[in-house]
Every structure is written in structure tokens, then in C-alpha cells.
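Here's the letter readout for the chains.
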Amino acid sequence: MSNALVLVDFQKEWTNPESDDFLGDIKQLVQRTNKLIDFCRKKGCKIIFTRHVEKDSVDAWSEKSEGTRLLDELHKEKQDVIITKHKISPFYQSKLDKELGDSEKIIVAGILTNMCVRSLIQDAYDRDFEITVIKDCCATYDKKTQEFTFKDLKATREKIEFLNVKEFVKST
């Protein structure tokens, strides 16, 4: 059995002040996420990044847009897997199931908590994965939505573990 870290949509579009999807300064989020990546890599986890691309888009989320590229600051390595997805769910018509292979546990971090991250968590839960969500390595547009998303997932899927990166490192 192996574990996998799935990093959802850590893309440049979120950091572009000209974008309708600008999240603001996410430097601390990226720093915490890099600590998570480094820790999981040392533990032998498979590292999987997803990136969202809208098939019919000609602007922000198009394949040719700089905004769909993964953030340069992330601790990516050549052996890491990058999955391009075209819908909210990272599982939908992608190679994620195949890449997860014999993994039984997934660790989840990403952007937007209430959209693609939530969809990944729900779909992984329905596939009987053991799931740990790293709360402070997830982001959405506002604190209220972030907190509600975690609260709702916890209330409806009791087996999911929700930790901050420091708690995760200590417990693993």
C-alpha cells in the first residue's frame, strides 16, 4: 500500500491581480504546501498535481493561458505526476484513478476548497480512500466559505481527517 499527496489546482491564475479569480497573496499558503510536499516526499508518497483547463475557453483558463500553469514556487520534481482536468472533479475523465493505483490513503490540499478540492474529497470518499485534508494548505475566496466547506464535509463524511500541516507532520 502506498499513499498519495494530491495537490489540486495550484495555478498561476489565482495569483494574477488582473484575474477575476485573484485570491490575493497566497505566499504563506504556498510555503505551508511546500512543507507538506517535502514531508510527503520523504515519506515515500506519490506526488500528484492537478491543473484545471477549460476546453472551450479562449482566455483565463484556456490551455494556452499562462494562468493554467502550476505555480513556479511549488516544490515539483520530474517524477511528480501532473494531471490536466477539464471539469470540477479531478477524477472526471482523467487519469487520476490510474495514477492513484494501489494507494489506499490520499492527502489533499488545494485551491478552491469549496469547488475542485471538495469534489476530489467527495469522489475519493465514494471510492473508499482514506482521506486526510490539510486545511491550512487549502484556500478559497473567503474564510466563511472555507469554514463551511470543512464543517459540512466533516458532518457528512465522518471518516475524513482534517488537520493543519503541523498537526499532520506530528501525527505521521
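One can find the structure itself at the top, above this paragraph.
Summary of the structure given here. The numbering scheme is per chain: residues are counted from 1 as the chain's sequence reads. Given that the model is predicted, a residue must reach a pLDDT of at least 70 before its local features are reported, and side-chain atom pairs must reach 80 or more before they are shown or counted; all residues, however, enter totals for whole chains, interfaces and linings. Note that water and hydrogens are dropped before the side-chain values are worked out from all heavy atoms of the structure.

Our focus in this paragraph is the layout of surface pockets. Here the largest pocket defines a volume of roughly 220 Å³. Class assignment for the residues of the lining of the largest pocket results in four nonpolar, three polar and five charged. Cavities and pockets were defined on a 1 Å grid built from protein atoms only: a cavity is a group of points that admits a 1.4 Å probe but offers it no way out, a pocket is an open group of points flanked by protein on both sides within 12 Å along at least five of seven lines, and a lining residue is one with an atom within 4 Å of any such point. Grid points are joined across faces, edges and corners, and a volume is the space filled by probe spheres set on the points. Of the pockets and cavities examined, the second largest pocket occupies roughly 170 Å³. What lines the second largest pocket is simply D9, W14, D21, H52, E54, W61, I88, I111, L112, M115, C116 and Y141. Three classes are used, and their members are as follows: Ala, Val, Leu, Ile, Met, Phe, Trp, Tyr, Cys and Pro are nonpolar, Asp, Glu, Lys and Arg are charged, and the others, Gly among them, are polar. Residues that form the lining of the second largest pocket fall into these classes: eight nonpolar, one polar and three charged.

A few words now on the pairing of strand β2 (residues 46-52). Of all seven residues that make up β2, six are buried, and the element is covered over most of its length. Note: strand β1 (residues 3-8) against β2, five bridges, orientation parallel. Counted as the bridge partner of A4 is K46 from β2. In the classification by handedness, the crossover that spans β1, the intervening helix α1 (residues 27-42) and the parallel β2 is right-handed. DSSP-based pairing: two strands are paired if at least 2 bridges between them are found. Numbering of helices and strands runs from the N terminus, with a helix taken as a DSSP run of H or I at least four residues long and a strand as a DSSP run of E at least two residues long. In this structure, β2 lies alongside strand β3 (residues 81-85), joined through five bridges in parallel fashion. When the bridges of β3 are listed, I48 appears paired with V81. Residue exposure (1.4 Å probe, protein chains only): buried if accessible area is under 20% of the type maximum, exposed if over 50%, otherwise partly exposed. A clockwise path from the first strand over the helix to the second, with the strands pointing away from the viewer, defines a right-handed crossover.

Another aspect to go through is unusual backbone geometry. Comment: phi is negative for the bulk of residues other than glycine, and the bulk of peptide bonds are trans. Omega for the bond connecting I111 with L112 falls within 30 degrees of zero, at -20°, which places this linkage in the cis form. Examined against the element boundaries, L112 turns out to sit in the loop between β4 (105-111) and α3 (113-126). Phi angles above zero are rare outside glycine, and Q93 is one such case at about 45°. Topologically, Q93 is positioned in the loop between β3 and α2 (96-100). Backbone geometry at D128 places phi at a positive 65°, although glycine is not the residue there.

What follows is about the sheet that holds strand β5 (residues 130-139). Taken in spatial order, the six strands line up as β3-β2-β1-β4-β5-β6 in an open sheet, and their pairing is parallel. In this open sheet, the two edge strands, each paired with only one partner strand, are β3 and β6 (161-163). Geometrically, the sheet is characterised by an average inter-axis angle of 25° between neighbouring strands, direction not taken into account. Of the strand pairs in this sheet, β5 and β6 are connected by three bridges, and their pairing is parallel. If you follow V133 over to β6, its bridge partner there is F162. The contact criterion used is simple: two residues touch if any of their non-hydrogen atoms lie within 4.5 Å. Axis lines are fitted to C-alpha atoms, over the contacting stretch for helices. Their N-to-C directions set the angle, which ranges from 0 to 180 degrees. α1 rests against β1, β2, β4 and β5 of the sheet, and its axis sits at about 150° to β5. Across the sheet, helix α4 (residues 143-156) is in contact with β5 and β6; its angle to β5 comes to roughly 170°.

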